[in-house]
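# Structural overview
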Amino acid sequence: MQFDSRIYIAGHRGMVGSAIVRKLKSEGYHNLILRTSDELDLRNQDQVQEFFKREKPELVFLAAAKVGGILANNTYRADFLYDNLMIEANVIHAAYRYGVTKLLFLGSSCIYPKNAPQPLKEEYLLTAPLESTNEPYAIAKIAGIKLCESYRRQYGCNFISAMPTNLYGPNDNYDLQNAHVLPALMRKMHEARVSGATQVEIWGSGRPLREFMHVDDLADALLFLMKHYDDELFVNVGSGEEVSIAELASLIKGIVGFEGELVFNTEKPDGTMRKLMDSTRLASMGWKAGISLTAGIENVYRYHFSVLNSVD
Ligand code: GFB
């Protein structure tokens, strides 16, 4: 990886892609290839082939995906499966065809079986049934892992995969129907504080456990893997910071300064009860996360709500 390598970041306007771009720029990589989805529809095979043929990227970070929280995954099941399968198949095949030197594919911790032992080791993939709320997304992400593995085995491509834990950070999605839990609760509590509302609804029982990682830590890990990792087996990328949804809600409540009540709505799904990654392999290579959950949430709250805060 050279400072003038031609690096394509697929999905550069998303939370993960934009963090990768910030990281690469801060390290001095300047030959970045970026396309919005209006300019290049990654679900369209012809457009993707044409783009790779013309631009000839040397390195690819495949961070483009249709993503969302538990409700979006469960509602738009066909879209989550179709869009993600098409994006992965088109980009990975074009990367092979047009001689990309190295590609890094981004998956998700939901690829693991619903009732897998914890913490989740890479070897637990495909050992039991998946969680149903996000099964289509997980199947698409497993297909992406298998594409990288298969192009490596059949054609010798250096395509690697990383499985991040639940992420948060700048450029997250705050739409309450589609968002993940952390931005959703931050927004709900911020708006409740500003409007003087006395209650905020938390979906589910509050008992599920989740591991959260700031996306800047993820970007750091991805650059590390792009530089140093060339093996077939995908790599878990976690922070080790696990909290229950109730604990997360209390933490956000304190940071936002909401003083009302948290009401748990058990009509809404809990999803997987626990999703803690075992990141031993990555740690043994010499990488670990650096941003604590509290510092990370404070940072995101300031970043996203600074305009609103200034007019409070
Ligand atoms: O973050 P989240 O939507 O996704 O939900 P998953 C995590 C937990 O937070 C669930 C609860 O138990 C939710 O019921 N929760 C409480 C809330 N209040 C809220 C709220 O206001 N909004 C949301 N969204 N959740 C996703 C997968 O699973 O995680 C994806 O569906 C992907 O495929 C992603 O893997 C990382 O962690 O349950």
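Criteria and cut-off values
- Residues numbered from 1 in each chain as written.
- Predicted model: local features only at pLDDT ≥ 70, side-chain atom pairs only at ≥ 80, totals over all residues.
- Heavy atoms only, no water.
- Helix = DSSP H or I, 4+ residues; strand = E, 2+ residues; numbered from the N terminus.
- Expected span 1.5 Å × (residues − 1).
- Buried < 20%, exposed > 50% of the residue type's maximum accessible area, 1.4 Å probe, protein only.
- Contact = heavy atoms within 4.5 Å.
- Near = heavy atom within 4 Å.
- Polar contact = N/O pair within 3.5 Å; in protein donor to acceptor, adjacent residues only side chain to side chain.
- Areas by Shrake-Rupley, 256 points an atom, 1.4 Å probe, with all protein chains shown as cover.
- Nonpolar A, V, L, I, M, F, W, Y, C, P; charged D, E, K, R; others polar.
- Pairing = 2+ DSSP bridges.
- Axes fitted to C-alpha atoms, helices over the stretch in contact; angles between N-to-C directions.
- Left-handed = near helix turned anticlockwise from the far one by under 90°.
- Salt bridge = Lys/Arg side-chain N within 4 Å of Asp/Glu carboxyl O.

Attention now moves to helix H5 (residues 135–155). With 21 residues, H5 ought to run about 30 Å at 1.5 Å a step, and its terminal C-alpha atoms sit 29 Å apart, in line with that. Restricting attention to buried positions, one finds in H5 the residues Pro136, Tyr137, Ala138, Ala140, Lys141, Ile142, Gly144, Ile145, Cys148, Glu149, Tyr151 and Arg152. Summarising the contacts, the buried residues of H5 are in contact with helix H3 (70–75), helix H4 (77–97), strand S4 (102–106) and strand S5 (159–164).

Every one of the 23 residues lining the ligand counts as a neighbour, but Ile70, Lys188, Arg210, Pro269 and Asp270 are closest to it. One of the backbone nitrogen or oxygen atoms of Val181 is found 2.9 Å away from an oxygen atom of the ligand. A distance of 3.1 Å separates an oxygen atom of the ligand from a polar side-chain atom of Lys275. Starting from 700 Å² of accessible surface for the ligand in isolation, the protein chains cover 97%. Listed by contribution, the elements that provide at least two residues to the shell around the ligand are H3, helix H6 (181–195) and strand S7 (199–203). In terms of residue count, the dominant contributor to the shell around the ligand is H6 (four residues). In the shell around the ligand, the residues fall into 12 nonpolar, seven polar and four charged.

Reading across from one edge, S2-S1-S3-S4-S5-S9 is the order of the six strands in this open sheet, with parallel pairing throughout. Only two strands of the sheet have a single partner each, and these edge strands are strand S2 (32–33) and strand S9 (235–237). Where strand S1 (residues 7–10) and S2 come together, two bridges link them in parallel fashion. Within S2, the residue paired with Ile7 across the bridge is Leu32. Helix H1 (residues 15–27) contacts S1, S2, strand S3 (59–62) and S4 of the sheet and is inclined by roughly 155° relative to S1.

With that settled, consider the packing of helix H2 (residues 45–55) against H4. Following both chains from N to C, one finds H2 and H4 inclined at 35°, their axes separated by 9 Å at the closest point. For H2 against H4, the interelement crossing comes out right-handed. Across the interface between the two elements, Gln45, Val48, Gln49 and Phe52 from H2 touch Asn90, Val91, His93, Ala94, Ala95 and Arg97 from H4. Among the residues making up the contact of H2 with H4, the classes are represented as five nonpolar, four polar and one charged.

Turning our eyes to something else, we now look at the pattern of salt bridges. Under the criterion given, the structure shown has 18 salt bridges. Residue Arg43 is joined to Asp41 by a salt bridge in which the shortest nitrogen-to-oxygen separation is 3.1 Å. Residue Arg43 is classed as partly exposed on the basis of its relative accessible area of 36%. Across the pair Lys114 and Glu131 runs a salt bridge, and its minimum N-O distance is 2.6 Å. Placement of the pair is Lys114 in the loop between S4 and H5 and Glu131 in the loop between S4 and H5, with a sequence separation of 17 residues. Among the residues examined, Glu131 registers a relative accessible area of 4% and is labelled buried. Connected through shared salt-bridge partners, Arg6, Arg35, Arg54 and Glu55 make up one network.

In this structure, Pro119 follows Gln118 across a cis peptide bond, with omega equal to -5°. By the element assignment, Pro119 lies in the loop between S4 and H5. With phi around 45°, Lys56 is a residue other than glycine that occupies positive phi space. Assignment of secondary structure puts Lys56 in the loop between H2 and S3. In this structure Lys56 comes out as partly exposed when scored by relative accessible area, which is 43%. Backbone geometry at Leu126 places phi at a positive 60°, although glycine is not the residue there. Locating Leu126 in the fold gives a position in the loop between S4 and H5. By relative accessible area, which is 57% here, Leu126 ends up exposed.

Within the fold, Asp172 resides in the loop between strand S6 (166–168) and H6. Excluding residues within four positions of it along the chain, Asp172 makes contact with Met15, Leu167 and Pro183.

Worth remembering: the numbers are spatial, not functional.
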